[in-house]
Amino acid sequence: MTSKQFRTLISCYLACVVLAILGHVFTAEQLPAPLRDFVKAADQTTWMASWVGVTYLVAATASTIGLIIFKAWARPSFALLAVVGAMPWDGHTVYPALEYLFINLEFMLAGAIVAAAYWAPVRSRFNKS
């Protein structure tokens, strides 16, 4: 995998993050009424809306930028934050179909990014920083 391919993989990951958010914003209202009420209540109490969520987003942004510029500290940071972000901290979740699609793609791409950062030929770029 070349540096350009690795960065393209990261771009696809970031696109899925944005598309998952947009999928939630634009399709959550189309859920059946009981599920829609559950999602509204969950959106108001999620940890992502607290200082913990803001801290997570800042750290995730920094680690993703670190990967793009091949910083050695970004590999373990991104891997840890990918696992933490995939954990169901809020308990049961309900996703509209589009959001669910892009969240799953996001998780798969995050795994591919971690694998490439550690085991693809691009890994040598991280040793120079």
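Scroll up for the structure.
This write-up is about the structure you can find in this document.

## A few points about the nonpolar core
Residues F6, Y13, L67, F78, I113 and F126 are the most contacted members of the largest nonpolar core, which totals 21 residues. Of all elements in the fold, only α1 (3–27), α4 (74–86) and α5 (97–119) reach the threshold of two or more residues within this core. If we skip the residues at most four places from it in the chain, I113 touches F6, L9, I10, Y13, L67 and F78.

## Digging into α1
Here α1 spans 35 Å end to end across 25 residues, near enough to the 36 Å set by a 1.5 Å rise per residue. Residues of α1 that are buried: S3, F6, L9, I10, Y13, C16, A20, G23, H24 and T27.

## Let's talk about the state of the cysteines
Scanning the entire structure with this criterion turns up 0 disulfides. Distance from the sulfur of C12, which forms no disulfide, to the nearest cysteine sulfur (C16) is 7.1 Å. Exposure remark for C16: the relative accessible area of 8% places this residue in the buried category.

## Concerning the environment of S63
Along the chain, the position of S63 falls in helix α3 (residues 51–68). Judged by its relative accessible area of 1%, S63 falls in the buried class. Expressed as a C-alpha distance, the spacing of S63 and A97, which sit 34 residues apart in the sequence, is 28 Å. When residues no more than four places from it in sequence are discounted, the contact partners of S63 are W73, A74, S77, F78 and L81.

## Some points on the pattern of salt bridges
Scanning all chains against the criterion turns up 1 salt bridge. Note that E29 is salt-bridged to K40, the shortest N-O span being 3.8 Å. With E29 in the loop between α1 and α2 (33–45) and K40 in helix α2, the pair connects residues that are 11 residues apart, well separated along the chain. Taking the relative accessible area as the measure of exposure, E29 reaches 48% and is therefore partly exposed. Its relative accessible area of 40% is what places K40 among the partly exposed residues.

## Details of the packing of aromatic side chains
Centre-to-centre distance and the angle between the planes together describe a pair of aromatic rings. Counted under the stated rule, the structure contains 6 aromatic pairs. A connected cluster of aromatic rings, assembled from ring pairs, spans F6, F70 and F126. Above the face of the Y118 ring, R75 is positioned so that its terminal group lies 4.6 Å from the ring centre.

## Quick word on the packing of α3 against α4
Any two packed helices are characterised by how steeply their axes cross, that is the angle between the axes, and by the distance between the axes. Remark: α3 packs on α4, axes separated minimally by 9 Å, with the N-to-C direction vectors making an angle of 140°. One element, α3, and the other, α4, form an angle in the oblique class. Crossing angle aside, the handedness with which α3 passes α4 is left-handed. Counted together, Y56, A59, A60, S63, T64, G66 and L67 of α3 and A74, R75, S77, F78, L81, V84 and G85 of α4 form the full contact between these two elements. Taken together, the residues of the contact of α3 with α4 sort by class into 8 nonpolar, 5 polar and 1 charged.

Conventions and cut-offs
Residues numbered from 1 in each chain as written. Predicted model: local features only at pLDDT ≥ 70, side-chain atom pairs only at ≥ 80, totals over all residues. Heavy atoms only, no water. Core = buried A, V, L, I, M, F, W, Y, C linked by side-chain atoms within 4.5 Å. Buried < 20%, exposed > 50% of the residue type's maximum accessible area, 1.4 Å probe, protein only. Helix = DSSP H or I, 4+ residues; strand = E, 2+ residues; numbered from the N terminus. Contact = heavy atoms within 4.5 Å. Expected span 1.5 Å × (residues − 1). Disulfide = S-S within 2.5 Å. Salt bridge = Lys/Arg side-chain N within 4 Å of Asp/Glu carboxyl O. Phe/Tyr/Trp six-rings, centres within 6.5 Å; stacked < 30°, edge-to-face > 60°. Lys NZ or Arg CZ within 6 Å of the ring centre and 35° of its normal. Axes fitted to C-alpha atoms, helices over the stretch in contact; angles between N-to-C directions. Parallel < 35°, antiparallel > 145°, perpendicular 65-115°, else oblique. Left-handed = near helix turned anticlockwise from the far one by under 90°. Nonpolar A, V, L, I, M, F, W, Y, C, P; charged D, E, K, R; others polar.

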